[in-house]
Each structure stands twice: as C-alpha cells, then as structure tokens.
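Chains, contacts and geometry: an overview
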Amino acid sequence: MSAKNPVPRFKKIVNPKSTRPKPRDPRFDSLSGEFDENKFRRRYAFLDEMRQEEMNSLKDQVKKSKASWEDKQPIYKKIDSLRNQLNTNRQKSERDEIKKKFYK
C-alpha cells in the first residue's frame, strides 16, 4: 500500500455564496412590517428635545466664548442645522394635524 494516491482531476468546490446568509435591508423587506410615520415620530420624539437642549447649550457656548467670528462659525452652522431640523419636524406635525382635521 502506497501513500502516493493520484490527485482527482475534478475537485468539488463548495459555492461560498450559498453558505453565507443573504443580507437583507429592513427598509425594503416585507418581514419588517410597514412604515408608519406617526409611530416613528412618537417613538423618536425625545430626539427633538435633545436637539433643543443641544441648540441651547451651543447658544450659551457662543455667548460665553470670546473667540473670533471664524472660530465661532462651525458652532453657528451647527445651530442653524439644528434649528432647520426642528422647524422641519414642527411643519410636518402641523401638516399632519391639518390633514387629520380635514380627512377624518
């Protein structure tokens, strides 16, 4: 008996794609349910409060700072961004309230 066995000509290759689980995106998958914007807003309402607190703290930071205008510029941009996010969320909620009044 010899240890020198001949190498098979055709080697079986396992498909690596079949063993790996398929990634799924919950935004487009029906298993995750349907998107309800009202539920989403209610569940993440605390973010608006956090944005308001952050905006107030940034305003206080600007008032206390004695830096030049160029140094304060990133803080002002962040304040504007937070203000725009809050305004957008308020407008959406007002629009939804108006729709509820007229379409119910």
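What comes next is a walk through the structure. (Residues numbered from 1 in each chain as written. Predicted model: local features only at pLDDT ≥ 70, side-chain atom pairs only at ≥ 80, totals over all residues. Heavy atoms only, no water.)

**Regarding the packing of aromatic side chains**
Per the stated rule, a full pass over the model turns up 4 aromatic pairs. In textbook terms, an aromatic cluster arises when at least three aromatic residues are bridged by ring pairs, as seen for Phe-35, Phe-40, Tyr-44 and Phe-46. (Phe/Tyr/Trp six-rings, centres within 6.5 Å; stacked < 30°, edge-to-face > 60°.)

**What about a nonpolar patch on the surface?**
There is a patch of nonpolar side chains on the surface, built from Phe-35, Phe-40, Tyr-44, Phe-46, Leu-47 and Met-50 and spanning about 630 Å² of accessible area. Per-element tally for the nonpolar patch: the top contributor is helix 3 (residues 46–64), with 3 residues. Assessed through its relative accessible area of 41%, Tyr-44 is described here as partly exposed. (Patch = residues over 30% accessible without salt bridge, like charges linked within 9 Å, V, L, I, M, F, W, Y side chains within 5 Å. Areas by Shrake-Rupley, 256 points an atom, 1.4 Å probe, with all protein chains shown as cover. Salt bridge = Lys/Arg side-chain N within 4 Å of Asp/Glu carboxyl O. Helix = DSSP H or I, 4+ residues; strand = E, 2+ residues; numbered from the N terminus. Buried < 20%, exposed > 50% of the residue type's maximum accessible area, 1.4 Å probe, protein only.)

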